[in-house]
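# Examining the three-dimensional arrangement
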Amino acid sequence: MRRFWPLFFLAWPIIAIVWSWLAPYYGWWFHKPAQSPLGQEIDNLFYLILIIVTTVFVGVNMALVYVLWKFSSTTPGEKGTFTHGSHILEMVWTVTPAGVLLFISLYQMDVWARFRMVQTFDKQALAHPLAEVTARQFEWRIRYPAPGRNFKNKAEIDEWLKHPSPDDVYTVNDLHCPANKKVLIHLRTEDVLHSFFIPDLRVKQDAVPGLVIPVWFEASKRNQYDLICAELCGWGHYKMKGRISAESEADFAKYLHALAQRQADDGVPAKVETKEGEGH
Amino acid sequence: MSTLDQTAHSSHDHDDHGHGGHHYHQPSTGEILGAMLTFSRDHKIIGLQFLFTTLIMLMVGGALALGVRWQLAFPFQRMPILGDLFFGSQGGVIAPETYTMLFTMHATVMIFLVIIPILAGAFGNFLIPLMIGADDMAFPLLNALSYWAMLPAIFFFGLSFFYGGGPAGGWTSYPTLSALQTAAPGSGAAQTCWLLAVTLVGVSSMMGSVNYMTTIINMRAPGMTLFRMPLTIWAMFITAILQAFALPVLTAAGFMLLSDRSFGTCFFVPAGIVVNNAAPTVGGGQTLLWQHLFWFYSHPAVYIMLLPAMGMVSDVMSCMARKPIFGYKPMVYSLAAIAGLGFIVWGHHMFTSGMNPALGMSFMVSTMMIALPSAVKTFNWLGTLWGGRIQFNTPMLNAIAFISMFVVGGLSGIFMAAVPVDIYFHDTYFIVAHFHYVLFGSTLFGVFAGITFWFPKMFGRMMNETLGKIHFVITFIAFNGAFFPMHLLGIAAFPRRLADPYHYPSLEHLLSLNQFITISAIVMGFAQFILLFNFFSSIFIGKKCGRNPWNANGLEWSAPSPPGHGNFESLPVIYRGPYEYSSPLTEKDYLMQTEYIPKSSQAAVAPTGH
């Protein structure tokens, strides 16, 4: 039994590492590599931490198993080494991890700043918000500015966020955007907390009652992505599902135009409408 | 009945309490169990009352967890037997609002009724006076009240199940879901009951923590200097300080939320919020304020749920390795550092919440830094084992499991401490894996070590070693089977708190892995019956033991097992720290804190000091 327990504690880290190694082949890993430039940087940071952490994990477990193997004893009353510690060792294992941890945290700052600090946001995206997304139990309401609308300044955008324009274009749960371009949405909620989570783009931001939060993202492939609500919002939280469709600039313009037309359509043929247009 | 209740009279007057006048009476098992049904003021009885209550609550919390696991493995399918019993009106199926209730109450029960009270309440109460050489706590009546305040808390948590299917705002109860009565079926009276119960748990903890601080500062036996205290006591002391400073914030926040709900104040409710087509709120409040206040308590609470286990594991490990703790003072300082830093890291729960992003950066640095004292502790535990004579008995196996699991929980925390990476991992199963490795993998294995280690002191009998090892092996394997794959789920973006995530095309292939997790969780849950059986049967049929069955050094082992009222037959005097195992001063491999060795023979044996 004396040798059984060290092996028992050895077995599990080995299984953990083999399991993690095989996981990508079974789909138990990122659904896709990040589909956005910023997401790729987040992935790189993840793998950097993974390497550091795995090294420490292997090292500590090897030390633990070695100690258990070497110093196990079945003789009662046998004396161990009488020592109360080592100042040098304490210094080494305080300063070394401190350096590593400080490096990790300083190394991350830049990516975070680019994701969240408004000062670093793309000017173009800030000046031309894609849409306002309003979360509500249990759907995503989307409001685009009228196709081709240009906001003159920030004040006009703020005004647009407070008071919808009559020509705004509305839809639900289906956010279209041009691919390969930084786009910005203004995120808000009507009732409780929600969270705007696009796993493939590595974007997540809570929607907070009373706040309007600008969120930018960039899809590098023309594709459809899941939009998941990631903050508990009530019994129907699980079904608060949306979709992001990233398409070419032309397709997006076409989509938005068609949406606007469908919304303006009152069922009367267009010809009649122009004829009687003066009357309004 | 007779002797155990004497605290009432004698503790008022410490001069009278030197037991010179009293006849020392060692209680029988029947007397101990009988006293547990009374309003006893003996710290050992109160500790056992906490222990029994929390062990029962552990099973309740576990059952709720299995409900969550059932739904994730077999979404919206009839649950055999239990489903018909509890959800008969829903066809034996867990409805989405029931699912949100299940994970809310699982966390609530486990945190507020198991982990916090089992560490501070059960072990703190039982061990503090015994380990520092006091006859009881400083305030025995307050101590008893701290236990009895738990019962109305349990009552209100229980009552909450009967309103709208139970509270369903998550254990974090973020407004406005928790503030507006119409926001969810469970946001009505159930949420009010929940808040009342949490406040009562807070009252209980506060009475305990005041008592622990006073006792540890004032009632140490002669010779028990601060740096001769066992690490368990240091951990309890620091935990008590944490509780005393953090808890008022939660209590205040709880009352603010209660008044938002009941009197229409708007601390946490902004204007113009429309929930379920109700009239818009008049508001003016901030929802983020609740998150700040809640985590200002609840992050230190994570350490309240961990530090005492760290202390107990240190004691078990030093004893079972027959070797002094490696770096005693660094261990104390790192406990204090964890507690200190624990007050300035709460924002890492809020990286995606929309708080000022600059705050995210500073919280990232402080959070990374809190990994440092944890790393120092881990290395010191390895140093303690190095060169020891390790005995693989049940307490030791659980203590080693603590380290092994704590390493995983600590390392996975680094991913979430890094803000950009946390953008992705926040609210996924990666988080769930992380905190279960800390709260179950570390704390509960530490508790198992503590129970098996101090059980002989509680009842004067040993627990069954074979059953203990079987329980350990099954729990350890099933635990890792249940929680390790959750890291992988998290990497695959599997979100928390979704009743049925499989309708997302990118998540549907994760069902099989979830079924594996559920099977592991069921095995783990049922394995706890082995522990309960071993615990309760050993009270009556365990092998009888003397004062010091482990040949340990601590002061508690110089008292009879079980200790009578007043703990020690005569006032103990302490000559050294609790970790002098394998000391050259003596032939034995242990040297008790109370054993006097004359200076002359000390010099003869060990001319260089220790």
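Source: prediction; values computed, not measured. (Residues numbered from 1 in each chain as written. Chains lettered and ligands numbered in written order. Predicted model: local features only at pLDDT ≥ 70, side-chain atom pairs only at ≥ 80, totals over all residues. Heavy atoms only, no water.)

A word on the overall build of chain A. The secondary structure content of chain A amounts to 7 helices and 10 strands. The globule rule puts the C-alpha radius of gyration for 280 residues at 19 Å, and the 28 Å found for chain A is more than 25% above it. Viewed in the frame of its principal axes, chain A has a C-alpha envelope of about 105 × 35 × 35 Å. Across chain A, contacts joining residues at least 24 apart in sequence account for 69% of those joining residues at least 6 apart. On chain A, roughly 13,700 Å² of surface is accessible, and the fraction owed to carbon and sulfur atoms is 62%. Computed over 29 positive and 29 negative side-chain charges, the separation of the two mean positions in chain A equals 7 Å. (Helix = DSSP H or I, 4+ residues; strand = E, 2+ residues; numbered from the N terminus. Rg over C-alpha atoms; globule rule 2.2 N^0.38 Å. Contact = heavy atoms within 4.5 Å. Areas by Shrake-Rupley, 256 points an atom, 1.4 Å probe, with all protein chains shown as cover. Lys, Arg positive; Asp, Glu negative; His and termini not counted. Charge placed at Lys NZ, Arg CZ, Asp CG, Glu CD.)

It is worth spelling out the packing of helix H11 (residues 307–320) of chain B against helix H16 (residues 429–459) of chain B at this point. Residue and element names in this part refer to chain B. The interhelical angle for the contact between H11 and H16, taken along N-to-C directions, is 50°, at an axis separation of 9 Å. When the axes of H11 and H16 are compared, the pair comes out oblique. Two packed elements cross with a definite hand, and for H11 against H16 that hand is left-handed. Where H11 approaches H16, its residues Ala 309, Met 312, Val 313, Asp 315, Val 316, Cys 319 and Met 320 are matched on the opposing element by Thr 443, Gly 446, Val 447, Ala 449, Phe 453 and Trp 454. The class makeup of the residues in the contact of H11 with H16 is 10 nonpolar, 2 polar and 1 charged. (Axes fitted to C-alpha atoms, helices over the stretch in contact; angles between N-to-C directions. Parallel < 35°, antiparallel > 145°, perpendicular 65-115°, else oblique. Left-handed = near helix turned anticlockwise from the far one by under 90°. Nonpolar A, V, L, I, M, F, W, Y, C, P; charged D, E, K, R; others polar.)

A few words on the sheet that holds strand S9 (residues 223–229) of chain A. All names here are of chain A. Taking strand neighbours across the sheet as the criterion, the 5 strands line up as S4-S10-S9-S6-S7 in an open arrangement whose pairing is mixed. The two strands at the open ends of the sheet, each matched to only one other strand, are strand S4 (174–178) and strand S7 (203–207). Along the sheet, successive strands turn relative to each other by an average axial angle of 20°, direction set aside. Sheet topology places strand S6 (residues 194–198) next to S9; 2 bridges connect them, and they run antiparallel. The partner of Phe 197 across the bridge, within S9, is Ile 228. Together, S4 and strand S10 (241–247) form the strand contacts of helix H6 (residues 249–264), whose direction differs from that of S4 by roughly 140°. (Pairing = 2+ DSSP bridges.)

A few words on the nonpolar core. Tyr 144, Leu 175, Phe 196 and Phe 217 of chain A together with Phe 123, Leu 307 and Phe 535 of chain B are the most contacted members of the largest nonpolar core, which has 301 residues in total. Two domains each put at least three residues into this core: domain 1 (4–70 + 96–118) and domain 2 (123–265) of chain A. Leave out the neighbours within four places in its chain, and Phe 535 of chain B touches Leu 51, Phe 52, Leu 55, Ile 451, Phe 455, Phe 459 and Met 463 of chain B. (Core = buried A, V, L, I, M, F, W, Y, C linked by side-chain atoms within 4.5 Å. Buried < 20%, exposed > 50% of the residue type's maximum accessible area, 1.4 Å probe, protein only. Domains from an automatic or database assignment.)

Now for empty space enclosed by the protein. All names here are of chain B. If you walk through the whole model with that rule in mind, you get 9 cavities of 30 Å³ or more. Roughly 100 Å³ of volume is contained in the largest cavity. As for the largest cavity, its lining consists of 14 residues, of which Phe 50, Pro 117, Gly 121, Ser 204 and Ser 205 are closest to the centre. Every element with two or more residues in the lining of the largest cavity is listed here: helix H5 (96–132) and helix H8 (189–218). Its residues assigned to classes, the lining of the largest cavity comprises 8 nonpolar, 6 polar and no charged. (1 Å grid on protein atoms, 1.4 Å probe; cavity = no way out; pocket = protein on both sides within 12 Å on 5 of 7 lines; lining within 4 Å. Points joined across faces, edges and corners; volume = space filled by probe spheres on them.)

Bringing the pairing of S4 of chain A into the picture now. Residues and elements named next belong to chain A. Within S4, 5 of the 5 residues are buried, which leaves it mostly tucked inside the rest of the structure. A two-sided burial pattern is seen for S4, the buried positions comprising Asp 174, His 176 and Pro 178 on one face and Leu 175 and Cys 177 on the other. Sheet analysis places S4 next to S10, joined by 5 bridges and oriented parallel. What sits directly across from Cys 177, in S10, is Ala 246.

Residues and elements named next belong to chain B. Where H5 contacts H8, the axes come no closer than 11 Å and their chain directions differ by 20°. If you check the angle between H5 and H8, you find them roughly parallel. Here the hand of the crossing between H5 and H8 comes out left-handed. Across the interface between the two elements, Met 105, Thr 108, Phe 112, Leu 113, Ile 116, Ala 120, Gly 121, Gly 124, Asn 125, Ile 128 and Ile 132 from H5 touch Trp 194, Val 198, Val 201, Ser 205, Tyr 212, Thr 215 and Ile 216 from H8. Here the residues of the contact of H5 with H8 are counted per class, giving 12 nonpolar, 6 polar and no charged.

Residues and elements named next belong to chain A. Together, Leu 7, Leu 10, Ile 14, Val 18, Trp 21, Leu 22, Tyr 25, Tyr 26 and Trp 69 give the surface a local cluster of nonpolar side chains, amounting to about 990 Å² of exposed area. Among the elements that line the nonpolar patch, the one with the most residues is helix H1 (residues 4–22), at 6 residues. In this fold, Ile 14 is placed in helix H1. Overall, the relative accessible area of 46% leaves Ile 14 in the partly exposed class. (Patch = residues over 30% accessible without salt bridge, like charges linked within 9 Å, V, L, I, M, F, W, Y side chains within 5 Å. Salt bridge = Lys/Arg side-chain N within 4 Å of Asp/Glu carboxyl O.)

Let us now look at the sheet that holds strand S8 (residues 213–217) of chain A. Residues and elements named next belong to chain A. One open sheet accounts for 5 strands, arranged S3-S2-S1-S5-S8; its pairing is mixed. A strand with exactly one partner marks an edge of an open sheet, and here the two such strands are strand S3 (169–172) and S8. The sheet shows a mean angle of 25° between the axes of neighbouring strands, direction not considered. Alignment of strand S1 (residues 131–136) against strand S5 (residues 183–189), held across 5 bridges, turns out to be parallel. By the bridge assignment for S5, Ala 131 is matched with Ile 185. Its contacts with the sheet put H6 on strand S2 (139–144) and S3, and the angle it makes with S3 is roughly 100°.

Residues and elements named next belong to chain A. Structurally, Ser 195 can be placed in strand S6. The exposure class of Ser 195 is buried, given its relative accessible area of 0%. In terms of polar contacts, Ser 195 uses its side chain to reach the backbone carbonyl oxygen of Gln 205, at 3.4 Å. Apart from residues no more than four positions distant in its own chain, Ser 195 is found in contact with Trp 140, Lys 204, Gln 205, Asp 206, Ala 207, Ile 228, Cys 229, Ala 230 and Glu 231. (Polar contact = N/O pair within 3.5 Å; in protein donor to acceptor, adjacent residues only side chain to side chain.)

To continue, consider unusual backbone geometry. Of note, the amide linkage connecting Gln 137 of chain A to Phe 138 of chain A takes the cis form, showing an omega dihedral of -5°. As for its position among the elements, Phe 138 of chain A is in the loop between S1 and S2. Of note, the bond from Ser 561 of chain B into Pro 562 of chain B is cis; its omega dihedral lies within 30 degrees of zero at -10°. Topologically, Pro 562 of chain B is positioned in the loop between helix H18 (511–541) and helix H19 (599–605). Unusually for a residue other than glycine, Arg 322 of chain B sits at a positive phi of about 50°. By the secondary structure assignment, Arg 322 of chain B is in the loop between H11 and helix H12 (328–341). The phi dihedral of Ser 582 of chain B is positive, around 55°, even though this residue is not glycine.

Per the stated rule, a full pass over the model turns up 91 aromatic pairs over all chains. Its end group placed over the ring of Phe 227 of chain B, Lys 329 of chain B keeps NZ or CZ at 4.5 Å from the ring centre. (Phe/Tyr/Trp six-rings, centres within 6.5 Å; stacked < 30°, edge-to-face > 60°. Lys NZ or Arg CZ within 6 Å of the ring centre and 35° of its normal.)

On to the pattern of salt bridges. Residue and element names in this part refer to chain A. This model, assessed by the stated rule, comprises 23 salt bridges over all chains. In this structure, Arg 114 and Glu 41 form a salt bridge, with 2.7 Å as the shortest nitrogen-oxygen distance. Taken together, the positions of Arg 114 in helix H3 (residues 87–116) and Glu 41 in helix H2 (residues 37–71) put the pair 73 residues apart, joining distant regions of the chain. Judged by relative accessible area, Glu 41 falls into the partly exposed class, the value being 26%.

What follows is about the interface of chain A and chain B. If you look at the interface, chain A gives 95 residues, while chain B gives 120 residues. The contact between chain A and chain B buries some 9,400 Å² in all, and 74% of this surface belongs to carbon and sulfur atoms. When the area that chain A buries against chain B is broken down by residue, the three leading residues are Phe 82, Trp 112 and Tyr 238 of chain A, summing to 9%. One can count 1 salt bridge joining chain A with chain B. Glu 78 of chain A is paired through a salt bridge with Arg 389 of chain B; the nearest N and O atoms lie 3.1 Å apart. (Buried area = accessible area lost by both parts, 1.4 Å probe.)

Residue and element names in this part refer to chain A. Annotation of chain A at the domain level lists domain 1 (4–70 + 96–118) and domain 2 (123–265). Relative placement of domain 1 and domain 2: their C-alpha centres are 34 Å apart. The interface of domain 1 with domain 2 comprises 16 residues on the first partner and 16 residues on the second. Both sides together, the interface formed by domain 1 and domain 2 hides about 1,400 Å², and carbon and sulfur atoms give 47% of it. The largest per-residue losses of area from domain 1 upon contact with domain 2 belong to Gln 35, Phe 115 and Arg 116, which jointly make up 44% of the total buried on that side. Our enumeration of links across domain 1 and domain 2 arrives at 1 salt bridge.

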